Amino acid sequence: CHPAFADQYSDPACLHGDTNRGATRMKPIVLLDVDGVLADYVGGVCYAAWEKANAVANEKDVTEWSIEDSLQLNEEQRAIVKRAIRAPGFCACLKPIAGSRLAVRTLLARADVYFVTTPTDSPFWMHERTAWLQDYYGAAFDKIIFTHEKHLVRGDVIIDDKLSNVLGTDRA
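A few words on the pattern of salt bridges. Scanning the entire structure with this criterion turns up seven salt bridges. Linking Asp 33 and Lys 150 is a salt bridge whose minimum nitrogen-to-oxygen distance equals 2.5 Å. Here Lys 150 lies in the loop between strand S3 (144–146) and strand S4 (157–159) and Asp 33 lies in the loop between strand S1 (29–32) and helix H2 (41–53), a separation of 117 residues in the sequence. Lys 150 matches Asp 33 in its accessibility class, with the two residues each being buried. In this structure, the salt-bridge partner of Asp 112 is Lys 143, at a minimum N-O distance of 2.3 Å. With Asp 112 in strand S2 (residues 112–117) and Lys 143 in the loop between helix H6 (125–137) and S3, the pair connects residues that are 31 residues apart, well separated along the chain. Connected through shared salt-bridge partners, Asp 33, Lys 150 and Asp 160 make up one network.

Our next topic: the confidence of the model for the chain. Per-residue confidence for the chain gives a mean pLDDT of 84, with 83% of residues at or over 70. Here residues 1–22 is modelled with pLDDT under 50, and outside its nearest four sequence neighbours on either side it reaches 29 contacts, counting other chains as well.

Procedures and definitions
Residues numbered from 1 in each chain as written. Predicted model: local features only at pLDDT ≥ 70, side-chain atom pairs only at ≥ 80, totals over all residues. Heavy atoms only, no water. Salt bridge = Lys/Arg side-chain N within 4 Å of Asp/Glu carboxyl O. Helix = DSSP H or I, 4+ residues; strand = E, 2+ residues; numbered from the N terminus. Buried < 20%, exposed > 50% of the residue type's maximum accessible area, 1.4 Å probe, protein only. pLDDT = per-residue confidence, 0-100. Contact = heavy atoms within 4.5 Å.

Here you go:
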């Protein structure tokens, strides 16, 4: 069954392939965002703001999408944090969100999981993110998708902490 046929696809009897010759049930395709869903990006930015920019940075203070606005960083502090995010090791040192490893293992048993993540302009980010996903979640290289246009990636379910990534608009 093709995901475009939602009424048939949601039917447990939906089969992939020729039903007359031992077809197998198709697993749903689940698209997982990484930062904010699997990786504690906010914690990493707060730590960089505290350690590198001498800012008072507490994750509980982050109440807006812009972490820098939430922490009320001045222009100099923002530049320092941006450099820290682009530096080697930032992505590699992010901590997994509590419970996410078990959640991914559970999903992997039931679905075809793809890790869909937005890269930064750091020359190290994609390599570090790939290694991070492989180390913490056992992600296969061909299951990692880097894009700034997540709404163009096709799947049955997308799990993302930013609504505009799902809708394909900056207004959300």
